[in-house]
Amino acid sequence: MNARLPAAGRIDGHTELIVHLGYPTHSFKAPLIYNPYFAAANINAVVVPMACRGPALPGLLPALFGLDNVRGALITMPLKVSVMALLDTVSPTARVAGACNAVRRDAEGRLVGDMFDGEGFVRGLLRKGLVLAGASALVVGSGGVGSAIAASLAAAAVQRLALFDVNPAAAEGLAARLRTEYPALQVGTGERDPAGHDLVVNATPLGMEPGDPLPVDVQRLDPRTFVGEVVMRQRMTAFLSAAQARGCRVQVGSDMLFEQIPAYLDFFGFPTTTAEHLRELAWLEPQEDKP
């Protein structure tokens, strides 16, 4: 795919930058979604990928925010955890997740961090009509994305969260952070039986490769259970297809990506839009993400 400048025609001395930090950059999709939106909305801003390995971050991040035209930073792997130590303040969601994927400078010059992976996932569920207040959810996977989703589900007032990870310490650590931020939340660990839950989430890499095992026993899924996925390599993973065959409503992994960008735009202080409009404008190839 050829690199393209915004359709508005130029980058000039008034252009504001969102730096996209992580490594490697070849998998970055954010510039292919934000930049066509900025061009279409006549917003003089651009997302710029920057290949930053972990050891370079402590010196690079403060220097970048010393530039007056840097509006913010998108943070991706492998920097989401290590960036936390460089920030002045973080949101409760980022504290629970133990990771951050967006940074901005506030009016006092402080670096403020937040985590939007879970926000995007939850926005998608709510727009599909799922009622989360008082609900019961199972989240399989307590890594970065699973922790972010669990944190956002807690913020959305679910009543009960069951957490499972092949590394029990990861699930226990996440449970402890959730109990600190949300004392009324019922949190359990160690079980991944999907029966009896309103929502079941695969927040693991299972499904990235053909032949991967399913994250839960789908025969235990109730047709009324909503099933969500974070794997984006294909729209309908084996897990989602099996859940749909059981009669479950589902959310594909790419919905989390598109639904979080309106929240990012709010965070950075740009005019926002809808996930549908972003999909229409994105420079992604059909096999990458288009519905």
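See above for the structure.
I will try to describe carefully the structure that is included in this document. As the structure is a computational prediction, the values presented were derived from the model and not from experiment.

Here the focus is the packing of aromatic side chains. Remark: the centre distance and the inter-plane angle together describe each pair of aromatic rings, the angle taken between the planes. In the structure shown here, the tally under the stated rule is eight aromatic pairs. The interplanar angle of 55 degrees and the centroid separation of 5.0 Å between the aromatic rings of Phe116 and Tyr264 together place this pair among those described as tilted. Of this pair, Phe116 sits in the loop between strand S6 (111–114) and helix H4 (117–127) while Tyr264 sits in helix H8 (residues 253–268); the two residues are 148 residues apart in sequence, bridging distant segments of the chain. The same class applies to Phe116 as to Tyr264, namely buried. Each member of the aromatic cluster is reached from another via a ring pair, and the members are Tyr34, Tyr37, Phe38, Phe116, Tyr264, Phe267, Phe268 and Phe270. Sitting above the plane of the Tyr23 ring, Arg53 keeps its charged end 4.0 Å from the centroid. Sitting above the plane of the Phe270 ring, Arg71 keeps its charged end 4.2 Å from the centroid.

Locating Arg10 in the fold gives a position in the segment before strand S1 (16–22). For Arg10 and Asp114, which are 104 residues apart along the polypeptide, the C-alpha to C-alpha distance reads 30 Å.

Note that Val201 resides in strand S10 (residues 199–202). Overall, Val201 belongs to the buried group, its relative accessible area being 0%. Val201 sits 62 residues away from Val139 along the chain, and the two C-alpha atoms are 4.8 Å apart. With sequence-adjacent residues up to four places away left out, Val201 is seen in contact with Phe121, Leu138, Val139, Val140, Ile149 and Gly228.

Soluble, globular proteins show a tendency: their nonpolar side chains are buried together. Leu153, Leu161, Leu163, Leu178 and Leu199 are the most contacted members of the largest nonpolar core, which totals 29 residues. Mapped by element, the contributors of at least two residues to this core are H4, strand S7 (136–140), helix H5 (144–155), strand S8 (160–164), helix H6 (168–181) and S10. The dominant element in this core, judged by the number of residues it contributes, is H5, at five residues. Residues contacting Leu153, with those up to four places away along its chain left out, are Val122, Leu125, Leu132, Ala137, Val139, Val158, Leu161 and Leu199. In terms of nonpolar packing, the next biggest core, distinct from the first, is built from 28 residues, Ile43, Phe116, Phe258 and Phe270 among them.

This brings us to the sheet that holds strand S3 (residues 70–75). Pairing within the open sheet is mixed, and its six strands lie in the order S2-S1-S3-S5-S6-S4. Both outer strands of the open sheet, strand S2 (45–51) and strand S4 (89–90), are each paired with one neighbouring strand and no more. In the packing of helix H2 (residues 57–64) onto the sheet, the strands contacted are S1, S2, S3 and S6, and the crossing angle to S1 comes to about 170 degrees. Against the sheet, H8 engages S1, S3, strand S5 (102–105) and S6, with an angle of about 15 degrees to S5.

A word on the pairing of S6. Neither face of S6 is left uncovered, since the one carrying Leu111 and Gly113 and the one carrying Val112 and Asp114 both have all their residues buried. Examined bridge by bridge, S4 and S6 share two bridges and lie parallel to one another. Looking at S6, one finds that Val90 is bridged to Gly113. The loop that links S5 with its antiparallel partner S6 comprises five residues; one of these, Gly109, has a positive phi angle of about 85 degrees.

Before going further, it helps to spend a moment on the pairing of S3. The element S3 is largely enclosed, with a buried count of five among its six residues. Pairing between S1 and S3: five bridges, direction parallel. Each residue of the ladder has a partner; that of His20, found in S3, is Leu74. As defined by bridge partners, S3 adjoins S5 across three bridges and the pair is classed as antiparallel.

Criteria and thresholds
- As a convention, each chain's residues are numbered from 1 in the sequence order in which they are written.
- pLDDT decides what is reported in this predicted model: residues at 70 or higher carry local features, side-chain atom pairs at 80 or more are listed and counted, and totals for whole chains, interfaces and linings draw on all residues regardless.
- Derived side-chain values reflect all non-hydrogen atoms in the structure, with water molecules and hydrogen atoms excluded from consideration.
- Stacked, edge-to-face and tilted are the three classes for Phe, Tyr and Trp ring pairs, Trp counted by its six-membered ring, which pair at centre distances within 6.5 Å; planes under 30 degrees apart are stacked, over 60 edge-to-face, the rest tilted.
- Put simply, DSSP marks the helices as runs of H or I at least four residues long and the strands as runs of E at least two long, and each gets a number from the N terminus on.
- Only protein chains enter the accessibility calculation, which uses a 1.4 Å probe. A residue is then buried if its area is under 20% of the maximum for its type, exposed if over 50%, and partly exposed in between.
- Comment: the charge-over-ring label is applied if NZ (Lys) or CZ (Arg) is within 6 Å of the ring centre and within 35 degrees of the ring normal.
- Working rule for contacts: check all heavy atoms of both residues, and any pair within 4.5 Å makes them a contact.
- What makes a nonpolar core is a set of buried Ala, Val, Leu, Ile, Met, Phe, Trp, Tyr and Cys residues whose side-chain atoms join them at distances within 4.5 Å.
- When DSSP locates at least two bridges between a pair of strands, those strands are taken to pair.
- All axes are obtained by fitting lines to C-alpha atoms, using only the stretch in contact for helices, and the reported angles, taken between N-to-C directions, cover 0 to 180 degrees.

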